[in-house]
Every structure is written in structure tokens, then in C-alpha cells.
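Examining the three-dimensional arrangement
Each chain, letter by letter, is given below.
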Amino acid sequence: MTTPSNPGLATMIFSPPGRTTKKPMPLKDYLKKQGKKRISRWRKRYFLQTDETLYYFTSHNDIARGPTGFINLTMITEVKIVDENKGLFDLVTDGRTYRLQICEESELTLQQWIQGIKAWLEYFEFRKQLQARVEQELEVRISFCLVRTPETNSTPTETRTHCKICTSCTLN
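Summarised in this report is the structure supplied together with it. (Residues numbered from 1 in each chain as written. Predicted model: local features only at pLDDT ≥ 70, side-chain atom pairs only at ≥ 80, totals over all residues. Heavy atoms only, no water.)

**Overview of the nonpolar core**
In terms of nonpolar packing, the biggest core is built from 21 residues, with F47, I71, F89, L91, W113 and I117 touching the most fellow members. The set of elements that each furnish at least two residues to this core consists of β3 (53–57), β5 (76–83), β6 (88–93), β7 (97–102) and α2 (110–147). No other element matches α2, which puts 7 residues into this core. Setting aside anything within four residues of it in sequence, one finds W113 in contact with L27, K28, D29, L31, F47, L54, F89, I102 and L108. (Core = buried A, V, L, I, M, F, W, Y, C linked by side-chain atoms within 4.5 Å. Buried < 20%, exposed > 50% of the residue type's maximum accessible area, 1.4 Å probe, protein only. Helix = DSSP H or I, 4+ residues; strand = E, 2+ residues; numbered from the N terminus. Contact = heavy atoms within 4.5 Å.)

Written out as C-alpha cells, the structure reads:
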């Protein structure tokens, strides 16, 4: 069994076969972003990701001024290529679709952006599943502690056998 104090073991136990559970490299590059309305202008923005958020700035020199906006990557429900020849892709959330385009200044290709975002989405999903499993395991272990204590007329042997993390048990 795994415990929160041993995340390396948790990764080994819960990692899906053939998938990496390592944190992907952060994304950063220039892209063109279309405004909220489809008839809006396209504006070149510098995108910089920090964990779950993809911030965009007027340029890389404006990072100190703060972002123009952001996209919460955990809210993305779909990543789709709109026009591969033009380098267009959409990041779809429940509330909005962000249309982005690779621009001349971009160092990353369309495929690198798509793969990078999908890698982060898989990483977030893995983290969510791992957290749920760890919480479930802790809940089961704690319920054993609450049910199998001398106060509930169970023997100390049962408590010692089943409880590994409770501070009230005689064997921790």
C-alpha cells in the first residue's frame, strides 16, 4: 500500500502502463490569439505556462506588468486542430473556445503545442486520480482505526494488525 509520505511509491503503483507521470515541460512561446468574438482581430501574444495556468502577455518584455489574460488548463475539455496548414488550433472549455495560431516568431510547431497541452492534461488527470486513490486509502485506514479500537470492544490485536497510520493505536 502507498501513503502520502511516499509519493514515489504512489507513482509506481498508480501509473498507467506506457504513460509517463512526470511533470511535462512548461509551455512558452508567441502565438496569435483571436478575440472573444469570431470577427475579432488577431493579436500576437506571448504565452507562458505555470502549472495549471497558461498566461498571455502583450510581449515577453511585459511579464513584469502582469498578464493580459489567462487560460485555466484544467478546464480544457478538448484540444483540436482547426487548420493544420494555417497553424490554427482551439482550446475548448465549457465557457469559451480559445482560437490560437502559430505565428512567424513561434519556436514551437503546431504539433508541439498540441502534444504539450495534451501531455499537461494527462498529467492533471493522473494527479487527480492519484489524489482520489490516496484519499480513499486514507479513509479506509482511518475507518479501520475508528471501528477497531479497544473502546468498541475489539481486541488490541485487531487494532495492531489493521492500523498503520493512526496515532491513537498502540502500534504505529
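Having put the structure on the table, let's press on.
**Some words on unusual backbone geometry**
With a phi close to 50°, D51 is a non-glycine residue in the positive phi region. With respect to the helices and strands, the residue D51 is situated in the loop between β2 (42–50) and β3. Take D51: its relative accessible area is 28%, and that puts it in the partly exposed class.

**Let's talk about the sheet that holds β5**
In sheet architecture, strand pairing relies on hydrogen bonds along the backbone and comes in two forms, parallel and antiparallel. One open sheet accounts for 7 strands, arranged β4-β3-β2-β1-β7-β6-β5; its pairing is antiparallel. Because the sheet does not close on itself, it has two edges, and the strands there are β4 (69–72) and β5. For this sheet the average axis-to-axis angle between neighbouring strands, irrespective of direction, equals 35°. Looking at chain direction, β5 and β6 are connected through 6 bridges and run antiparallel. Along β6, the bridge assignment pairs I76 with T93. (Pairing = 2+ DSSP bridges. Axes fitted to C-alpha atoms, helices over the stretch in contact; angles between N-to-C directions.)

**A closer look at the pattern of salt bridges**
In this structure the tally under the stated criterion is 8 salt bridges. Where E105 meets K44, a salt bridge forms, and the shortest distance between an N and an O atom there is 3.5 Å. One end of the pair, E105, is in the loop between β7 and α2; the other, K44, is in strand β2, with 61 residues separating them in the sequence. Residue E105 is classed as partly exposed on the basis of its relative accessible area, which comes to 36%. Across the pair E52 and R127 runs a salt bridge whose closest N-O atoms are separated by 2.4 Å. Taken together, the positions of E52 in the loop between β2 and β3 and R127 in helix α2 put the pair 75 residues apart, joining distant regions of the chain. Relative accessible area serves as the criterion here: at 27%, R127 is assigned to the partly exposed category. Three or more residues joined by partner-sharing salt bridges are found here, namely K23, D51, E52 and R127. (Salt bridge = Lys/Arg side-chain N within 4 Å of Asp/Glu carboxyl O.)

**Considerations on the environment of I63**
Secondary-structure assignment places I63 in the loop between β3 and β4. Here I63 falls in the partly exposed class, since its relative accessible area comes to 35%. Along the backbone, I63 and F47 are 16 residues apart, and their C-alpha atoms lie at a distance of 9.9 Å.

Nothing here speaks to function; it is all geometry.
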